[in-house]
Amino acid sequence: MAKHVMGHSIAAFTLLMLAGLISIWAGMHYHLIEKKPVVASETVIEIRRGDTLDSVISTLLAHRVQINRFWFKLFAYRKHLDRGLKRGEYVLAKGASAADILQQLTEGRTRQYSITFPEGWSFKQLFQAVKTNPYLAHTLSDAELTELMKGIGSDKPHPEGLFFPDTYYFEKYTADIELLKRAHDRMQKVLAEEWSKRDQNVPLENPYQALILASIVEKETGAAEERRQIAGVFARRLKKGMLLQTDPTVIYGMGDSYHGDIRHKDLREPTPYNTYVIEGLPPTPIALPGKEAIVAALHPDQGDALYFVARGNGRHAFSSTLAEHEKYVERYQR
């Protein structure tokens, strides 16, 4: 009987020792997972829709990330990091541990790409940049502009000027319309904020007219400090019922027939955008105006100039009378 009890005691002690050794062994592996570097050099991996923890592990091993399949999976399950692995492209830093990798994948810290829409660009230029960007998912074609306007939530029939010029960051395979909606919503936010702070005497009926005028100011301005002066000239002309007579609108109305210069007959050619012919503002913006141009359009200079002419150095000569203006034209243009 004593031998039987002793046998049980030895077996229990052995199991206890074995459990202790296993616990120490597991603890060592857990420590290694949290601390040991497994990425030898910066590595880019991609998680696609439908990927499981097993397929992610296979991807990591295929990229020579030095993880142990069993312990990596066990650690993920114990820490609940197997749930919600977010798809996208990831840059794994040199020296990252297995735990670092799992944390990055579950937090969705993906690789970011960028695209820039400069001030003064036309929608045609913007759309070309979007279409040719290799990292966006392309869902739109030139023939689907109506669908684009619906997709971004705009009630305007024409996309010109509706997108805020800036640099936008996005994940690989972001849909083109999603990116354009971000730029559109940003423009609407900026425009609404600035409209609420506008000079109450500006001759503009709504934010869209402010956008139109801002786009003209953007295209006319070579020197930032002249924006309010140029906006002031246009504001006074609108109040007096004078034609705006601004070349960028003529160029926009000419479309593909513009080849670098405006002829006298182009100034007389009636298009919806030729402000040498039409009264008031053109029907849509002619470019992407930046925030500074919007602010200038809503806070024009309070001087008395009604004319300006380019001096050839990015700046303009301003005048309040036609006679003075013609002298400047003679000096700087002819």
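Residues numbered from 1 in each chain as written. Predicted model: local features only at pLDDT ≥ 70, side-chain atom pairs only at ≥ 80, totals over all residues. Heavy atoms only, no water.

**As for the overall build of the protein**
What counts here: Strands here are runs of E lasting at least two residues and helices are runs of H or I lasting at least four, both read from the DSSP assignment and numbered beginning at the N terminus. When checking whether two residues touch, look at their non-hydrogen atoms; a contact exists if any pair is within 4.5 Å. The Shrake-Rupley method, run with a 1.4 Å probe sphere, supplies the accessible areas, and residue values consider only the shown protein chains as cover.
Helices and strands together make up the secondary structure of the protein, namely 13 helices and eight strands. For the protein, restricting intrachain contacts to residue pairs at least 6 apart in sequence, the fraction spanning at least 24 positions comes to 65%. Carbon and sulfur atoms form 53% of the exposed surface of the protein, whose accessible area is close to 18600 Å².

**Observations regarding the environment of His63**
Selection rule: Burial here depends on accessible area, computed with a 1.4 Å probe over protein chains only, as a share of the maximum for the residue type. Under 20% is buried, over 50% is exposed, and the range in between is partly exposed. Whenever two N or O atoms come within 3.5 Å, that pair is a polar contact, provided that in protein one can donate a hydrogen and the other can accept it, and provided that, for residues adjacent in sequence, both atoms are side-chain atoms.
Along the polypeptide, His63 turns up in the loop between helix H2 (53–62) and helix H3 (69–78). Residue classification places His63 among the partly exposed residues on the basis of a relative accessible area of 37%. For the pair His63 and Val39, spaced 24 residues apart in the sequence, the C-alpha separation amounts to 9.3 Å. A distance of 2.9 Å separates the side chain of His63 from the backbone oxygen of Thr59, its partner in a polar contact.

**As for the pairing of strand S8 (residues 316–319)**
Where we set the bar: Two strands are counted as paired when DSSP detects at least two bridges linking them.
Residues His316 and Phe318 of S8 are buried on one face, and the alternating residues Ala317 and Ser319, pointing to the opposite face, are buried as well. Hairpin connection, strand S7 (residues 307–310) to S8: the antiparallel pair is bridged by five residues, and Gly312 has positive phi, about 90°.

**A look at the packing of H2 against H3**
Inclusion rule: An axis is simply a line fitted to the C-alpha atoms; with a helix, the fit covers only the stretch in contact. Between two such axes, the angle follows the N-to-C directions and lies from 0 to 180 degrees. Oblique is the label for any angle not under 35 degrees, not over 145, and not in the 65 to 115 range, which are roughly parallel, roughly antiparallel and roughly perpendicular in turn. Handedness of a crossing is defined here by the sense of rotation of the near helix relative to the far one, left-handed for an anticlockwise turn of less than a right angle and right-handed for a clockwise turn. By the convention adopted, Pro, Cys, Tyr, Trp, Phe, Met, Ile, Leu, Val and Ala count as nonpolar, Lys, Arg, Asp and Glu as charged, and the other residues, Gly among them, as polar.
Contact geometry of H2 with H3 gives a least axis separation of 11 Å together with a crossing angle of 135°. Taken as axis vectors, H2 and H3 run oblique relative to one another. Handedness of the H2/H3 crossing: right-handed. Taken together, the residues of H3 that come into contact with H2 (itself represented by Leu53, Asp54, Ile57, Ser58, Leu60 and Leu61) are Arg69, Phe72, Lys73, Ala76 and Tyr77. Looking at side-chain class alone, the contact of H2 with H3 contains seven nonpolar, one polar and three charged residues.

**Quick word on the packing of aromatic side chains**
Stated precisely, the cut-off is as follows: For Phe, Tyr and Trp, rings pair up if their centres lie within 6.5 Å, where Trp contributes its six-membered ring, and each pair is then called stacked (planes under 30 degrees apart), edge-to-face (over 60) or tilted (otherwise). Note on criteria: charge over ring means Lys NZ or Arg CZ within 6 Å of the ring centre, with the direction from the centre no more than 35 degrees off the ring normal.
Taken as a whole and assessed by the stated rule, the structure comprises eight aromatic pairs. A network of ring pairs unites the aromatic residues Tyr113, Tyr135 and Phe170 as a single cluster. Stacked on the ring of Tyr208, the Lys or Arg Lys156 has its end atom at 4.9 Å from the ring centre. Its guanidinium or amino end placed over the ring of Trp195, Arg198 lies 3.9 Å from that ring's centre, counting from NZ or CZ.

**Digging into the packing of helix H8 (residues 207–220) against helix H9 (residues 227–240)**
Two elements in contact, H8 and H9, have axes separated by 10 Å at closest approach and are oriented at 125°. The angle between H8 and H9 falls in the class oblique. The two elements H8 and H9 cross, and the hand of that crossing is right-handed. Here Leu213, Ile216, Val217, Glu218 and Glu220 of H8 lie close against H9, whose contacting residues are Arg227, Ile230, Ala231 and Phe234. Split into classes, the residues belonging to the contact of H8 with H9 amount to six nonpolar, no polar and three charged.

**As for the pattern of salt bridges**
This is how the line gets drawn: One side-chain nitrogen of Lys or Arg within 4 Å of one carboxyl oxygen of Asp or Glu is enough to make a salt bridge.
The final tally for this structure, using the stated rule, is 13 salt bridges. Its salt-bridge partner being Arg48, residue Glu46 comes within 3.6 Å of it at the nearest N-O pair. Take Arg48: its relative accessible area is 48%, and that puts it in the partly exposed class. One salt bridge connects Asp155 with Lys156, and the closest N-O pair in it is separated by 3.2 Å.

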